[in-house]
Amino acid sequence: FILDCCSTLSADFCREIAQDLKVILERTEGINGVFGSIEPLPGPGGSFINQVYLVTTDQGEKFVLKVENTNWKNEKTTNEVRTLKFLDQFTSIPVPKVLAYENVIDDSLIGREYILMTLIEGTPLNFAFEKIYSDPCLYHNLLEQLADILAEIGQYNSLFIGSLDSTDSLQLKCPMDFANLGYDTPCRDFAEYAHRWLSYYLEEMKTLLLSGHQNAKYFEKYIPCIEALLCSPNFSRLNKAGEIFPFSHQDFVMKNILVEDAKVMAVLDWEWSGTAAVEFEAKTGCDFLKTPQDITLFNSLLEERGIHNFFKPPHYIRQIFYRLMGDLYTLIFCYEWIEGKLTHSAKFLSQKLEQRRIRASNIFDMQAYVEKVVLSLDELLNDINERLECKN
C-alpha cells in the first residue's frame, strides 16, 4: 500500500506536468536540449516532505525538479533559492545551482511551487555511512570536510535571528519557520525569538481548544500559564550577553549530505536555513556522530577551524525553554502522529500510517504518554517561572 500510494501519485503528477515542463525548459538558460522525460527520484534520492523528480532532456542532460508541498506558500521556496544563490556566490560549499523556480502557485505553469536545479551525482550519506564509519581514515576525512562546511557558513553571522532577504548580502528578514509566518522583521535577540514561538503555540492551543481536540482539557489548563509567561517582565533573561547568531543549515543531517565514496559532493535542502542560536546546529543535526568519541573528534576539528563551544549546552534557563517547547509541540500534535493526519505528501502520510501500525501492535498507550508530557510541562513551567523571577 505504502509504495503503491506514493508511486501512483508521483506517476500521475509526471504525466500532468510533462507538457508544461517542455515550456519551462525552453525558457531556461543553460539547457541545450528539449524535454525528454521526467520520473520520481528513487529511494535514496527522494525527499521526506517535498516531491523530487529527475528531468532528462533529449540530449541526456539531467536536472532535479523539487516540488514544494502545498502547505507552504512562497516562504520556503524563496528561502531556499536565496540561500543556494548566496552560497554559490560567496562560499565554496558544494550546492546545486538554481536554474529556474516559481514561488507563487498562481503564476506557476505546473500549479505548484518548484525549483529546477542542476543534478549533483552522489549518494545520501545515510546510505553510505556504514561503509565509511567502518574505516577510521575515511570517517576522519569525512568529518574534516563537514567541519570545513560548518566553519565556512559560520563565518556569516549577525546580531539578529532571521533568514536571507537578499542573494548578495547577509540582509535578514524574519526566520523561516512556522512561528514567524506573518512577521516582516528578524528577531532582535533570542528572547524575541522565544516569545514568537510561545505565542504561536498559544494560538494553536486556543484554536484546538474550540475544536474539541483530545487534549482540550490540558490546553485549557496551560493557556493562562503561557499567557502569564509571555507577560513576564523578565523574559529577556533568556538572552545571553553579547550573543552573535551564526548562519545555520538547521537540518545538517546525513540525508541532506551527498557523498561519493567519502567525498562530500553536495549539501542539500537549505529551505529552513538562517542565522540561529549557536547551539542550534548541534541540536537539529549532526546525526553522523554516533559516540561520545565521535563528538570529541568532531569538536576538535571545529576548534581547529575557529568554531568554539559547538557542543556546549546553553545556559540552564534556555535549556528549560527548549524542553518546554518540545513538550508543548508534543501535546498539540501527538494525535496527528498516531492518526496519520499530517498530509504534507503521500510519502509522509504513508510513513505516519506505518508508525501507527507499529505502535498499535505494541499496544501504544497514548493517554499514558500524554500524562507523562503533562507532568513534565508542570515541572518545566514551575522551573522557568522561578528562574525568571530570580534576581541572580
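Notes on the structure follow. (Residues numbered from 1 in each chain as written. Predicted model: local features only at pLDDT ≥ 70, side-chain atom pairs only at ≥ 80, totals over all residues. Heavy atoms only, no water.)

1. Some remarks on the nonpolar core
Of all hydrophobic cores here, the largest spans 48 residues; its most connected members are F190, L198, F321 and L331. Counting residues per element, the ones that place at least two in this core are α5 (190-210), α6 (216-230), α9 (316-339) and α11 (366-389). If one sorts the elements of this core by residue count, α9 sits on top with 12 residues. Once residues lying within four places of it in the same chain are set aside, the contact partners of L198 are I226, L229, L230, F235, F321, L324, M325 and L328. (Core = buried A, V, L, I, M, F, W, Y, C linked by side-chain atoms within 4.5 Å. Buried < 20%, exposed > 50% of the residue type's maximum accessible area, 1.4 Å probe, protein only. Helix = DSSP H or I, 4+ residues; strand = E, 2+ residues; numbered from the N terminus. Contact = heavy atoms within 4.5 Å.)

2. As for a nonpolar patch on the surface
A cluster of nonpolar side chains, namely L159, F160 and I244, defines an oily patch on the protein surface of about 290 Å² accessible area. Of note, L159 is situated in the loop between β7 (157-158) and β8 (163-164). (Patch = residues over 30% accessible without salt bridge, like charges linked within 9 Å, V, L, I, M, F, W, Y side chains within 5 Å. Areas by Shrake-Rupley, 256 points an atom, 1.4 Å probe, with all protein chains shown as cover. Salt bridge = Lys/Arg side-chain N within 4 Å of Asp/Glu carboxyl O.)

3. A look at helix α2 (residues 75-90)
The end-to-end C-alpha distance of α2, which contains 16 residues, comes to 22 Å, matching closely the 22 Å that a straight helix rising 1.5 Å per residue would cover. Within the span of α2, buried status applies to K76, T77, T78, N79, E80, V81, T83, L84, F86 and L87. (Expected span 1.5 Å × (residues − 1).)

4. Some thoughts on helix α3 (residues 125-133)
Three or more residues of α3 are buried, namely L125, A128, F129 and I132. Buried residues of α3 fall within an arc of 135 degrees about the axis and therefore sit on the same side. Among the exposed residues of α3, those oriented more than 90 degrees off its buried face are F127, E130 and K131. (Arc of directions from axis to C-beta.)

5. So, the packing of α6 against α11
In the contact formed by α6 and α11, the axes pass within 12 Å of each other and the chain directions differ by 20 degrees. By the angle class used here, α6 and α11 are roughly parallel. Read as a crossing pair, α6 and α11 show a hand that is left-handed. Across from Y218, K221, Y222, C225, I226 and L229 in α6, the residues of α11 making contact are Q367, V370, E371, V374, L377, D378, L381, I384, N385 and L388. Each residue belonging to the contact of α6 with α11 can be placed in one class, and the counts come to 11 nonpolar, two polar and three charged. (Axes fitted to C-alpha atoms, helices over the stretch in contact; angles between N-to-C directions. Parallel < 35°, antiparallel > 145°, perpendicular 65-115°, else oblique. Left-handed = near helix turned anticlockwise from the far one by under 90°. Nonpolar A, V, L, I, M, F, W, Y, C, P; charged D, E, K, R; others polar.)

6. With respect to the environment of Y201
With respect to the helices, strands and loops of the structure, Y201 is situated in helix α5. In this structure Y201 comes out as buried when scored by relative accessible area, which is 6%. Separated by 128 residues in the primary sequence, Y201 and Y329 have C-alpha atoms spaced 7.5 Å apart. Among residues more than four places away in sequence, those in contact with Y201 are M325, L328, Y329, I332 and F333.

7. Brief notes about the packing of aromatic side chains
All chains considered together, the criterion is met by 20 aromatic pairs. Between F178 and Y200, the ring centres sit 6.4 Å apart and the planes meet at 20 degrees, which makes this aromatic pair stacked. Here the residue F178 occupies a position in the loop between β9 (172-173) and α5, and Y200 occupies one in helix α5, the gap between them amounting to 22 residues. Taking 4.8 Å as the distance between ring centres and 45 degrees as the angle between the ring planes, the aromatic pair formed by Y329 and F333 counts as tilted. Here F333 and Y329 lie together in helix α9, a separation of four residues that amounts to about one turn. Members of the aromatic cluster, connected to one another through ring pairs, are F178, W197, Y200, Y201 and W272. Above the ring of Y183, the side-chain terminus of R196 is found at 4.0 Å from the ring centroid. The positively charged end of K283 is found above the aromatic ring belonging to Y322, 4.2 Å away from the centroid. (Phe/Tyr/Trp six-rings, centres within 6.5 Å; stacked < 30°, edge-to-face > 60°. Lys NZ or Arg CZ within 6 Å of the ring centre and 35° of its normal.)

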